[in-house]
Amino acid sequence: MTDLGPLVPRQRDMHPVPYDPEYKTSVPRSPKWPLLSMESTPSEETGPRFGHGVIGPLDNNLVLNFATDGSPAIGERILVHGQVLDEFARPVPHTLVEIWQANAGGRYRHIKDTYLAPLDPNFGGCGRTLTDDQGRYQFLTIRPGAYPWPNRGNEWRPMHIHFSVFGHSFGQRLITQMYFEGDPLIDRCPIAATIKNRSQLDRLVAPLDMPMARPLDFLAYKFDIVLRGRRQTMFENRLEGL
Amino acid sequence: MPQPLANLTETASQTGGPYVHIGCIPSFAGINGVYPQDLGLSPIQPGALGPQITITGQVIDGTGWALRDALIESWQPDSAGRFAGQPGADPAVSGFCRFAADKDSGEFSLTTIKPGPVPARSGQMQAPHISLWIAARGINVGLHTRIYFEDEDNSADPLLARIEQRNRVSTLIARKTGEGSYRFDIRLQGEGETVFLDI
Ligand SMILES: [Fe+3]
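All values derive from a computational prediction rather than experimental measurement.

> What should I look at first to understand the overall build of chain B in this one?
Secondary structure assignment for chain B yields two helices and twelve strands. Dimensions of chain B, computed from the C-alpha atoms along their principal axes, are close to 60 × 40 × 40 Å. Considering chain B as a whole, with its 199 residues, one finds that 59% of them fall into the buried category. Counting only contacts in chain B whose residues sit at least 6 apart along the sequence, the fraction spanning at least 24 positions is 66%.

Structure follows, in structure tokens:
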């Protein structure tokens, strides 16, 4: 069996800071002590695999997958697509991508969400798919609305879609959010601002992708995702005594 | 100028937010009919080899309050230390489970089989453990940790050996509370803060 090598250590400065007083909930929920760093082991290098058997034909179509009365979800129809790669630009094929989002009015189908905007009876707000052999994925959905949330006095989340990605190793596990090109709320959002590296935040902003838009049907946005890579060298197995 | 490195940088994490359940365990969030069932309901199927165990606990914040909105994923090998997909692995062990803190009590529970030991890259054996990953509102980068077991020999485990402050080792060890039952609380911050991993 080929040893794919250990996971490349996470560059923590390319991620959000765990503790950020502007995002108040992070204050009591961020570890104070440094993380314990160690080379990955099979426990982190292996991970769950999900087959096509678990994916239904409408799972990546949020316009139709909760169509209670048969009509499509209300809102601006969009295709969200992209490629999952690793840090060495290798495609990550056959891996599970899950998304969740608010409806067009900015309301989630969740008991805790009591925002004034109405629920759409035909919108559930979740979808999932497996990447193809080139690591590509697609979702058809509606553009989520911005919504207010309790944090500072007058706080609004920019339009966003939550993404959960597995990769092939448990240590690659990633949850992130996709924002939309041109949204003025991104620069006012304390959750986006937990990422201190501007280019890393910019990479969460999906550009409008007109070539992939379908005339008279949907607009398109492109969102590529990069997961941790695994180092492959001829020197992974140490000789006895070294 | 040296040659440029063509490597990419990992996409930045963001918090799962308060509605992470909608995406990961929609039935738990009351959204039925999109998928036949939530993914990762159990890491084992009937007939899984090895002693069955139940681990309960809470995810506790820096004020001592148990999170009601935490989502946890676990990953483990079978009772012989083989992960799903590896040659000879127990077909009744998927090894993956998703579970959530109860919305009223904050208590979580994982029923599985005791995992077998797995070697580290050095070839040194690691003590039996279950890998955990925790996502919630206010957690900006998902947290990795491990559950070890009080009734196993943890003395030679290479990860536990790396913990300089020996008084923190116990934060990774589940306490036995009965036959096949364990308690494992996760403290995000403050007194008794759990050791989280950069691995
Ligand atoms: Fe959200």
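> Would you mind showing me how to read the interface of chain A and chain B here?
The figure often quoted for interface size is the accessible area lost as the parts come together. In this complex, chain A contributes 83 residues to the contact, which on the side of chain B involves 71 residues. Looking only at chain A, the three residues that lose the most surface to chain B are Arg29, Leu36 and Phe170 of chain A, adding up to 13% of its buried area. Our count for the contact surface shared by chain A and chain B stands at seven salt bridges. Counting every contact that joins chain A to chain B gives 43 residue pairs in polar contact (both at pLDDT 80 or more). Ranked by residue count, the leading element in the side of chain A that touches chain B is strand β9 (residues 174-180) of chain A, at five residues. Residue classes in the side of chain A that touches chain B are distributed as 38 nonpolar, 24 polar and 21 charged.

> What should I look at first to understand the sheet that holds β9 of chain A in this one?
Strand pairing in a sheet takes place through backbone hydrogen bonds and is either antiparallel or parallel in direction. Residue and element names in this part refer to chain A. The five strands are arranged β4-β3-β8-β9-β10 in an open sheet whose pairing can be described as mixed. The open sheet has two edge strands, β4 (126-130) and β10 (205-206), and neither has a second partner. Pairing analysis gives six bridges linking strand β8 (residues 160-165) to β9, with the strands arranged antiparallel. When the sheet's bridge partners are listed, Val165 is paired in β9 with Leu174.

> Hey, could you run me through the coordination of the iron ion in this one?
Four donors placed tetrahedrally around a metal ideally meet at 109.5 degrees, and six donors placed octahedrally ideally meet at 90 or 180 degrees. Protein coordination at the iron ion: the donors are Tyr108 of chain A (OH), Tyr147 of chain A (OH), His160 of chain A (NE2) and His162 of chain A (NE2), at 2.0 to 2.2 Å from the metal. Around the iron ion, the four donor atoms sit at angles spanning 89 to 163°, and that spread fits a shape best called irregular.

> Would you take a moment to explain the side chain of Thr171 of chain B for this structure?
Residues and elements named next belong to chain B. Here Thr171 shows up in the loop between α2 (158-161) and β9 (173-178). For Thr171, a relative accessible area of 12% translates into the label buried. Separated by 3.2 Å, the side chain of Thr171 and the backbone nitrogen of Val195 make a polar contact. Every residue in contact with Thr171, bar those within four places of it in the chain, is listed here: Phe184, Gly192, Glu193, Thr194 and Val195.

> Help me understand the packing of aromatic side chains, please; the structure alone is not making it clear to me.
One pass over the structure, following the stated rule, counts 15 aromatic pairs over all chains. An angle of 80° between the planes, with centres 5.3 Å apart, marks the rings of Tyr108 of chain A and Tyr147 of chain A as edge-to-face. Of the two residues, Tyr108 of chain A is situated in the loop between β3 (96-100) and β4 and Tyr147 of chain A in strand β6 (residues 147-149); the sequence distance between them amounts to 39 residues. Of the two residues, Tyr108 of chain A and Tyr147 of chain A, neither departs from the other in class, the shared state being buried. Each member of the aromatic cluster is reached from another via a ring pair, and the members are Tyr137, Phe139, Phe163 and Phe223 of chain A. Note that Arg128 of chain A overlies the ring of Tyr35 of chain B, its terminal NZ or CZ placed 3.6 Å from the centroid. The cationic tip of Lys114 of chain B hangs over the ring face of Phe149 of chain B; the distance from NZ or CZ to the ring centre is 5.2 Å.

Procedures and definitions
- Residues numbered from 1 in each chain as written.
- Chains lettered and ligands numbered in written order.
- Predicted model: local features only at pLDDT ≥ 70, side-chain atom pairs only at ≥ 80, totals over all residues.
- Heavy atoms only, no water.
- Helix = DSSP H or I, 4+ residues; strand = E, 2+ residues; numbered from the N terminus.
- Buried < 20%, exposed > 50% of the residue type's maximum accessible area, 1.4 Å probe, protein only.
- Contact = heavy atoms within 4.5 Å.
- Buried area = accessible area lost by both parts, 1.4 Å probe.
- Salt bridge = Lys/Arg side-chain N within 4 Å of Asp/Glu carboxyl O.
- Polar contact = N/O pair within 3.5 Å; in protein donor to acceptor, adjacent residues only side chain to side chain.
- Nonpolar A, V, L, I, M, F, W, Y, C, P; charged D, E, K, R; others polar.
- Pairing = 2+ DSSP bridges.
- Donors = N, O, S within 2.8 Å, 3.2 Å for Na, K, Ca; no water.
- Tetrahedral: all angles 85-135°; square planar, octahedral: opposite > 155°, others 65-115°.
- Phe/Tyr/Trp six-rings, centres within 6.5 Å; stacked < 30°, edge-to-face > 60°.
- Lys NZ or Arg CZ within 6 Å of the ring centre and 35° of its normal.

These figures come from the coordinates and say nothing about function on their own.
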